[in-house]
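# An overview of the molecular structure
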Amino acid sequence: MSQDLKEAALEYHAKPRPGKVSVEITKPTLTSRDLSLAYSPGVAEPVREIAKDPENAYKYTAKGNLVAVISDGSAILGLGNLGPLASKPVMEGKGVLFKRFAGIDVFDIEVDSESPQAFIETVERIADTFGGINLEDIKAPECFEIERALIEKCNVPVFHDDQHGTAIVTAAGMINALELQGKKIEEATVVCLGAGAAAVACMKLLISCGIRSENIFMLDRKGVIHSGRDDLNQYKAMFANETDKRTLDDAIDGADVFVGLSGPDLLSGEQLKKMAPNPIVFACSNPDPEISPEVALAARDDLIMATGRSDYPNQVNNVLGFPFIFRGALDVRATAINEEMKVAAVHAIRELAKEPVPQEICEAYGVDNFEFGKEYIIPKPMDVRLLEVVPAAVARAAVDSGVARLPYPAHYPLKSMDDII
Ligand SMILES: NC(=O)C1=CN([C@@H]2O[C@H](COP(=O)(O)OP(=O)(O)OC[C@H]3O[C@@H](n4cnc5c(N)ncnc54)[C@H](OP(=O)(O)O)[C@@H]3O)[C@@H](O)[C@H]2O)C=CC1
Ligand SMILES: CC(=O)C(=O)O
Ligand SMILES: [Mg+2]
């Protein structure tokens, strides 16, 4: 990151008041009567109603549109385990995106927990405050056990964004990129650098989209995950191949696809040159990708290049997923975000990239035109049509798969933020 951008980022977060979010009041509070409704004595009435029936919390409180973004700070972006407090700017940032793109209110919660069990107990105790729980930046393998336990214990949907949000957006971009590069999904060979939360979920979803597991070579810090290793946890072991490949150099030779969900500057231009013709590179580590677009495009010109960042073409980032997925889930009061809802989101995002892009979206990005192709494989986060298509697809899938507690919303599809109720 340039010195200028670093300084601007600190200034942005510090001024004119620290942080990126605040709480707003949604009811009149001007008169003494207003206060006697908002607080004592009037507040006692909704209290009694909720005590009689917890469902009334959706009627009388902000619960139904409120998501908790919760982290322990153990895998902050690609920066590592820097602790809960240091994760707060990212969690506030997720809150900004939930609100800006899908009108969802967020409390960010940073938990200082000594064990996965302590984290689970903390979240379980506060879960009923919210309409949904978005787990964020919790490292593998602990994240898998944490999410599984919380899905079981909580009455509201629990979704680990780094797993499923990332997987949904990666799958959407990958299906389009394979099509553009003329590669068949069932024949493509994939190198996945990283074997943590995001990598495991992305590869699982790609397999359910048609990539063959024997064509995936996953690597952790020790190299290729293969069946001869005896140091693999159960999540990595799912990807252990019978292979004599051991290093990134071995695996990248002739590969069609590279997916980076690991850390900065781990793939060289020389390694990229060894990939098959018309390769696909998703270097998704944030803030610094596994290979910069400058280095990648200098190495070869037949590739599709994507990163997790906003300042290059093809931003493969879970921001395209979580705001809209939760919008759909909250609006049908879904009890879970299940596979059907995830797959529906993949196809809604993927198909939108093929539609003509309205002029105002091009203007927001300072370009004349976006057209489905190597530099536009996936929609832009500012594309308001995401609010139209993704919540609708997710809500429909929730209803059809039996996890919705409300019918498909009469006010759908959402055409703008003003349609959110
Ligand atoms: N673009 C996007 O939308 C998203 C991007 N990401 C990015 O993915 C990365 C991983 O995040 P997440 O899965 O949550 O974190 P985890 O801590 O769960 O996993 C990190 C994984 O990266 C591996 N790794 C780290 N350094 C290296 C290295 N030098 N060589 C090979 N493997 C390495 C680790 O290996 P080991 O198991 O051996 O420790 C581990 O498997 C981050 O950079 C993050 O920014 C994550 C979510 C969304
Ligand atoms: C984008 C994101 O969630 C991450 O890099 O962790
Ligand atoms: Mg994250």
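Source: prediction; values computed, not measured.

## Digging into the domain arrangement of the protein chain
In terms of domain boundaries, the protein chain breaks down into domain 1 (21–160), domain 2 (165–307) and domain 3 (321–355 + 379–419). Distance between the C-alpha centres of domain 1 and domain 2: 33 Å. Looking at side-chain class alone, the side of domain 1 that touches domain 2 contains 7 nonpolar, 2 polar and 1 charged residues.

## What to know about the sheet that holds strand β7 (residues 223–224)
The 6 strands are arranged β7-β6-β5-β8-β9-β10 in an open sheet whose pairing can be described as mixed. Looking along the sheet, the strands with just one partner apiece sit at the ends: β7 and β10 (304–307). Here strand β5 (residues 190–193) runs beside strand β8 (residues 257–260); their pairing, made up of 4 bridges, is parallel. Looking across to β8, one finds that leucine 193 is bridged to glycine 260. Lying over the sheet, helix α8 (residues 161–180) contacts β8, β9 (280–283) and β10, oriented at roughly 160° with respect to β9.

## Description of the packing of helix α15 (residues 339–352) against helix α17 (residues 385–400)
In a packed pair of helices, the relevant descriptors are the angle between the two axes and the axis-to-axis distance. The N-to-C vectors of α15 and α17 enclose an angle of 155°; their axes lie 8 Å apart at closest approach. As judged from the angle between their axes, α15 and α17 are roughly antiparallel. Of the two possible hands of crossing, α15 and α17 adopt the one that is right-handed. Every residue of α17 that contacts α15 at Glu340, Met341, Ala344, Ala345, His347, Ala348, Ile349 and Leu352 is listed here: Arg385, Leu386, Val389, Val390, Ala393, Val394, Arg396, Ala397, Ala398 and Asp400. Within the contact of α15 with α17, the residues separate by chemical class into 13 nonpolar, 1 polar and 4 charged.

## Description of the nonpolar core
Ranked by size, the top nonpolar core spans 118 residues in total, and within it Ala345 and Val394 carry the most contacts. In this view, alanine 345 contacts Ile168, Gly321, Ile325, Val390, Ala393 and Val394; residues no more than four positions away in its chain are not counted.

## Details of the site of ligand 1
Near ligand 1 lie 28 residues; those nearest to it are Gly78, Gly196, Asp220, Ser285 and Gly308. Looking at the shell around ligand 1, the elements with two or more residues in it are α8, α9 (197–209) and β6 (216–220). A per-element tally of the shell around ligand 1 places α9 first, with 3 residues. When its residues are assigned to classes, the shell around ligand 1 shows 13 nonpolar, 11 polar and 4 charged. Residue contributions to the shell around ligand 1 reach at least three from each of two domains, namely domain 1 (21–160) and domain 2 (165–307).

## Quick look at the site of ligand 2
Taken together, the neighbourhood of ligand 2 is formed by Leu77, Asp137, Asp161, Asp162, Asn286, Gly308, Asn317 and Asn318. For the shell around ligand 2, the per-class residue count stands at 1 nonpolar, 4 polar and 3 charged.

## Digging into the sheet that holds strand β3 (residues 132–135)
With respect to topology, 4 strands assemble into an open sheet ordered β2-β1-β3-β4, the strand pairing being parallel. Where the open sheet ends on each side, the last strands, each with one partner, are β2 (105–110) and β4 (158–160). Across the sheet, the mean angle from the axis of one strand to that of its neighbour is 20°, orientation sign disregarded. Sheet analysis places strand β1 (residues 66–71) next to β3, joined by 4 bridges and oriented parallel. The partner of valine 67 across the bridge, within β3, is glycine 132. Running over the sheet, helix α7 (residues 142–153) touches β3 and β4 and is turned about 165° from β4.

## Observations concerning the UniProt feature "domain: Malic enzyme N-terminal" (unreviewed entry) in the protein chain
Listed under "domain: Malic enzyme N-terminal" (unreviewed entry) in the UniProt record, and renumbered for this structure, are residues 18–151. Helix makes up 43% of residues 18–151 and strand 12%, with an end-to-end C-alpha separation of 34 Å.

## What to know about the UniProt feature "domain: Malic enzyme NAD-binding" (unreviewed entry) in the protein chain
According to UniProt, the feature "domain: Malic enzyme NAD-binding" (unreviewed entry) maps to residues 163–399 in the numbering used here. Structurally, residues 163–399 comprises 41% helix and 10% strand, and the distance from its first C-alpha atom to its last is 23 Å.

## Points about the environment of glycine 263
For glycine 263, the location among the structural elements is in the loop between β8 and α12 (269–273). Glycine 263 sits 70 residues away from arginine 333 along the chain, and the two C-alpha atoms are 36 Å apart. Once residues lying within four places of it in the same chain are set aside, the contact partners of glycine 263 are Gly78 and Ser285.

## A short note on unusual backbone geometry
In the segment running from serine 40 into proline 41, the intervening peptide bond is cis, with an omega of 10°. On the secondary structure map, proline 41 appears in the loop between α2 (32–38) and α3 (44–52). The linkage connecting alanine 140 with the following residue, proline 141, adopts the cis geometry, with an omega of 0°. Here proline 141 is to be found in the loop between β3 and α7. The backbone phi angle of asparagine 278 is positive, close to 55°, even though this residue is not glycine. Assessed through the 17 C-beta atoms surrounding it within 10 Å, asparagine 278 is described here as partly exposed. Positive phi, close to 50°, is recorded for arginine 333, a residue that is not glycine. You can see arginine 333 is positioned in the loop between α14 (322–331) and α15.

## Let's talk about α17
Taking 1.5 Å as the rise per residue, α17 with 16 residues should run 22 Å; its terminal C-alpha atoms sit 23 Å apart, in good agreement. Here α17 lies mainly inside the structure; 12 of its 16 residues are buried. Every buried residue belonging to α17 is among Leu386, Leu387, Val389, Val390, Pro391, Ala392, Ala393, Val394, Ala395, Arg396, Ala397 and Ala398, and all of these are buried. Within two residues after α17, glycine 402 carries a phi angle of roughly 85°, on the positive side.

Parameters at a glance
Residues numbered from 1 in each chain as written. Chains lettered and ligands numbered in written order. Predicted model: local features only at pLDDT ≥ 70, side-chain atom pairs only at ≥ 80, totals over all residues. Domains from an automatic or database assignment. Nonpolar A, V, L, I, M, F, W, Y, C, P; charged D, E, K, R; others polar. Pairing = 2+ DSSP bridges. Helix = DSSP H or I, 4+ residues; strand = E, 2+ residues; numbered from the N terminus. Contact = placed C-beta atoms within 7 Å. Axes fitted to C-alpha atoms, helices over the stretch in contact; angles between N-to-C directions. Parallel < 35°, antiparallel > 145°, perpendicular 65-115°, else oblique. Left-handed = near helix turned anticlockwise from the far one by under 90°. Core = buried A, V, L, I, M, F, W, Y, C linked by C-beta atoms within 7 Å. Buried ≥ 20, exposed ≤ 12 C-beta atoms within 10 Å, placed from the backbone. Near = placed C-beta within 6 Å. UniProt positions renumbered as here; feature names shortened; annotations may be inferred. Expected span 1.5 Å × (residues − 1).

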